[in-house]
Amino acid sequence: MANTVGDRQIVEDRTDVDVEQAVGTKKVEKRLSFLDLYKVRPIKPRKDYPISETLLLAYQSLGIVYGDLGTSPLYTFPAVRLPNPREDDILGILSIILWSLTLICVVKYVCIVLRADDHGEGGTFAIYSLLSRHLNLRNNKISQTSRLDSDANLRYYSSSVFQTKAKKLLEESKTAQSVLTFIVLLGICMVIGDGALTPAISVLSAVQGIQLRTTKIHQGHVVIMSVIILLFVFLFQRMGTTKVSFTFSPIMFTWLLCTAGIGVFNIIKHYPAILKAVSPHYIVKLFLKDPKTAWKLLGSTALCLTGAEAMFADLGHFNKRSIQVAFIGFVYPALVLTYSGEAAYLIKNPQDMSTAFYSAVPKPIFWPVFIIATLAAVVGSQCLISASFSIIKQAMALGCFPRVTMIHTSDKYEGQVYSPEVNYFVMVICLLIVICFKGGAEIGNAYGAAVILVMLITTWLMLVVMIAIWDTHFLLILLFLGVFFMVEGAYMTSLLNKIPQGAWVPFAISFFVLFIIYSWRYGRRKKSEYEAKRKLSLDELTELISQTGDQATRVPGICFFCTDLVNGVPPIIRHYVQLLGSLRQVMVIVTVRTLPVKSVLPTERFLVARLGPKGVYRCLVQYGYKDEPNMEGEDFVQVVVELLKEVEMERAEEIAVIESALNNGGVMFVMGRTILKCKETNSWLCRFAIDCLYRFLQKNCRPTMASLRVPPSKMLQVGMLYEI
């Protein structure tokens, strides 16, 4: 039973309920004066940023978010393959580009998608988190984290959603949730593919321009120079988003001003009426003239949208308003002028289509522009590399990806992270693409397919949000789906036709990453099922503990036993007690748990309860996927000990035991490590997935408790074989 003392609830000894009931339904409330011990910064709402800081972030976003989108003029027109283009053909292509930028970038992302943030965080997982907070996705398999009754009290689980048929379908249908899961995971994989393809096409397109001014530079030289530049880009990632942005933003600012100025020059000199291409009737004329050729051209013009997804995926690095201000106020006008200038030049010089950008640059300023273009290409490589770090962190936090190192590179903006493992993985793929394709049209096909597929995934997820959460009017939903599915679907069908010519690359990358994700999740699920069937009840735990003697005869000290199991006592505890034969005076079973929400309030960070036997407690440490679990081992001990004292407030003798155990015996951390092994009766696929893939991933990933930074001298690892 629970007694209320002041503003706190004390969870008393429960011998007739299981652990999840003792901990899951009772939350120990903490006084705010104790908040300093938590070492967690309260999240500053993004909307509270002053105008000056928003403008500063908008400037920084030029070097992180808009690098790829801003450098797309380097390769969009050159990717178009159209023999003997005429004036109306070029006007039609420009009209497609302008309307694509307007509909996809301005209307879809700036005005609609950015509203679907998860407390300032963007990307595929942010939409999933938004859905999971408003819908009871009980059957979803995307996260191995069990949901407790106490979760309903968390502030970030609060919701007021409209009851709709779509909501009920998602909550009750396993098939619908499985489809949602697959879409979300595929979105992760495609973003990683973007992260590898973006640097490859950006740098190659910039460096290839040198061939227009000298015949001594061959394509092999271009590939070598591109590889060297790309190595620099990836090695520079460790500096962090803020330092990278302050280095890259001036470059991008200069680049956009430069290209816009060249665009104005070409418009005035070659074709002042070029902006009449804003009329969509030129698109209609292009398709009526030769529908098949126009349809094939869509795959090339799709490159004008490269990097648009970064506006949402990189939202956590900045804020919503700064991204909107930067695009509407600067990036969008600059792109319109740049593309219009290229088209104006091509109307007078249609034979230069394959080298449109550099050919349109006035000869006196070619070399300065080439240098700026190369630097801008480096910046363009940045946006989706940063997005890869963010989305892998979110996937890892929700149990969908093996745990890798995540370094928070900013004390001010919690969304800025860097992962060396992810960085080098993407780097290897990127360099292989450059070396294998050598700057051919295959890279453009591959990149376009990856970009449009990510956009289609975002469109479908937004459709779910509009129906199940926003309760948008039916006609507006039809308008959204009709416009964007038609536009993006048309792009995608054109690119699917180019699968043999390189468009297969993002799918190959995605399937490889999906293979890793599903192997990891399969192993985690099997481990959870094994532990759920064999977990100890409180009666079994009481009997097991009693065999080691009473509390007075135990070894002095506090033992923190760290396990992944959220509900119940894992079977490895039995193995540990039987193996050791004795226990410390106080034993705390600790689980670090990541919830599918952005952040958990500091006062809700710890759930502590007393289990049946004296001196045995349960502690859940809860984080959101954007929280930084950076607590030192000593700080963690201090927090938990104070919580234990509050739990035992009415038992002075128990408080004395806790203090005596801490002062006389110190603390010891026991890490439970399980090894999975498939029985011979299982299929070969199961044995391969568990014995080879999952075991390899488990061996090489970081442990959950690594965030506590426990000194090695106070750590003991206990292993157990799970034969499944």
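Keep in mind that this is a model prediction, so the values were computed, not measured.

Student: So what's going on with the overall build of the protein chain? Residues and values would help.
Tutor: Each helix and strand counted, the protein chain has 26 helices and ten strands in total. Taken across its 724 residues, the protein chain has 61% of its residues classed as buried. A separation of at least 24 residues holds for 84% of the contacts in the protein chain among residues at least 6 apart in sequence. Summing over all exposed atoms, the protein chain offers an accessible surface of approximately 28,100 Å²; the carbon and sulfur share of this is 61%.

Student: Can you lay out the nonpolar core for me, pointing to particular residues and giving the numbers?
Tutor: In terms of nonpolar packing, the biggest core is built from 210 residues, with Y66, M311, I433, I452 and Y576 touching the most fellow members. The biggest single contributor to this core is helix α19 (residues 441-468), with 19 residues. Leave out the neighbours within four places in its chain, and M311 touches V65, Y66, C105, Y109, V110, L114, I323 and F327. With 28 residues, the next largest nonpolar core counts F560, C619, Y623 and L643 among its residues.

Student: Tell me about the packing of aromatic side chains, and name the residues and values.
Tutor: A complete count under the given rule lists 24 aromatic pairs for this structure. Relative to Y418, the ring of F389 lies with its centre 5.5 Å away and its plane at 85 degrees, an arrangement referred to as edge-to-face. Here the residue F389 occupies a position in helix α17 (residues 382-397), and Y418 occupies one in strand β4 (residues 417-418), the gap between them amounting to 29 residues. With respect to burial, F389 and Y418 carry one shared label: buried. Centre to centre, the rings of W460 and F485 are 5.6 Å apart; their planes meet at 70 degrees, and the pair counts as edge-to-face. Note that W460 is positioned in helix α19 and F485 in helix α20 (residues 474-496), a separation of 25 residues in sequence. Residue classification places F485 among the partly exposed residues on the basis of a relative accessible area of 39%. Positioned over the ring face of W470 is R115, at 4.4 Å from the centre of the ring. Between the NZ or CZ atom of R534 and the centre of the ring of Y530, over which it lies, the distance is 3.9 Å.

Student: Go over the environment of L463 with me, naming the residues and quoting the values.
Tutor: In this structure, L463 sits in helix α19. Filtering out sequence-adjacent residues up to four positions away, L463 remains in contact with I477, F480 and L481.

Student: Outline the pairing of strand β5 (residues 555-562), listing residues and values.
Tutor: Taking burial as the measure, the eight residues of β5 include six buried ones, the bulk of the element. Direction of pairing for β5 relative to strand β6 (residues 584-595): parallel, over a ladder of six bridges. Within β6, the residue paired with F560 across the bridge is V588. Of the pairings in the sheet, the one linking β5 to strand β9 (residues 667-677) comprises five bridges and is parallel in character.

Student: Before we move on, could you go through the sheet that holds β5 and cite the residues and values that matter?
Tutor: Read from one edge of the open sheet, six strands run β7-β8-β6-β5-β9-β10, paired in mixed fashion. A single partner strand is all that each edge strand has here, and the edge strands are β7 (606-610) and β10 (715-723). Averaged over all pairs of adjacent strands, the angle between their axes in this sheet comes to 25 degrees, without regard to strand direction. With five bridges joining them, β7 and strand β8 (residues 616-624) adopt antiparallel strand pairing. Bridge pairing links R610 to Y617 in β8.

Student: Requested: an account of a nonpolar patch on the surface, with residues and values cited.
Tutor: Together, L56, Y59, F253 and L257 make up a nonpolar patch on the protein surface, roughly 320 Å² of accessible area in all. Listed by contribution, the elements that provide at least two residues to the nonpolar patch are α2 (51-64) and α10 (241-270). Relative to the helices and strands, Y59 is located in helix α2. Taking relative accessible area as the criterion, Y59 reaches 30% and is therefore assigned partly exposed.

Student: So what about the pattern of salt bridges? Which residues, and what values?
Tutor: Taken as a whole and assessed by the stated rule, the structure comprises twelve salt bridges. Measuring nitrogen to oxygen at the nearest pair gives 3.2 Å for the salt bridge that ties E659 to K645. Linking E659 in helix α25 (residues 652-665) with K645 in helix α24 (residues 633-647), this pair joins segments that are 14 residues apart in sequence. In this structure, R651 engages E648 in a salt bridge whose closest nitrogen and oxygen atoms are separated by 3.0 Å. Here E648 falls in the buried class, since its relative accessible area comes to 0%. One network of salt bridges, in which partners are shared, links R610, E648 and R651.

Student: Provide a residue-level description of helix α8 (residues 174-207), including the pertinent values.
Tutor: If you check α8, its first and last C-alpha atoms are 50 Å apart, about what 34 residues at 1.5 Å a residue would give, namely 50 Å. Along its length, α8 reaches its greatest deviation from straightness, about 25 degrees, at L197, and the proline P199 lies no more than four positions downstream. Buried residues dominate α8, accounting for 28 of its 34 residues.

Student: Describe unusual backbone geometry, with residues and values.
Tutor: Despite not being glycine, N84 has its phi angle at roughly 50 degrees, a positive value. Locating N84 in the fold gives a position in the loop between α4 (76-79) and α5 (87-112).

Student: Could you give me a rundown of the side chain of S419, with the residues and numbers involved?
Tutor: Position of S419 relative to the elements: it lies in the loop between β4 and α18 (420-437). There is a polar contact of 3.0 Å between the side chain of S419 and the backbone oxygen of T405. Excluding its chain neighbours within four sequence positions, the residues that come into contact with S419 are F389, V404, T405 and M406.

Student: So what's going on with the state of the cysteines? Which residues, and what values?
Tutor: Taken as a whole, this structure holds zero disulfides when the rule is applied. Unpaired in terms of disulfides, C304 finds its nearest cysteine sulfur in C105, a separation of 7.2 Å. The buried category is assigned to C304, whose relative accessible area is 0%. Sulfur of C692: no disulfide; nearest cysteine sulfur belongs to C678 and is 9.8 Å away. You can call C692 partly exposed: its relative accessible area is 41%.

What counts and how
Residues numbered from 1 in each chain as written. Predicted model: local features only at pLDDT ≥ 70, side-chain atom pairs only at ≥ 80, totals over all residues. Heavy atoms only, no water. Helix = DSSP H or I, 4+ residues; strand = E, 2+ residues; numbered from the N terminus. Buried < 20%, exposed > 50% of the residue type's maximum accessible area, 1.4 Å probe, protein only. Contact = heavy atoms within 4.5 Å. Areas by Shrake-Rupley, 256 points an atom, 1.4 Å probe, with all protein chains shown as cover. Core = buried A, V, L, I, M, F, W, Y, C linked by side-chain atoms within 4.5 Å. Phe/Tyr/Trp six-rings, centres within 6.5 Å; stacked < 30°, edge-to-face > 60°. Lys NZ or Arg CZ within 6 Å of the ring centre and 35° of its normal. Pairing = 2+ DSSP bridges. Axes fitted to C-alpha atoms, helices over the stretch in contact; angles between N-to-C directions. Patch = residues over 30% accessible without salt bridge, like charges linked within 9 Å, V, L, I, M, F, W, Y side chains within 5 Å. Salt bridge = Lys/Arg side-chain N within 4 Å of Asp/Glu carboxyl O. Expected span 1.5 Å × (residues − 1). Bend = angle between axes of the 7 residues up to and from the residue. Polar contact = N/O pair within 3.5 Å; in protein donor to acceptor, adjacent residues only side chain to side chain. Disulfide = S-S within 2.5 Å.

Geometric descriptors of this kind do not, in isolation, establish any biological role.
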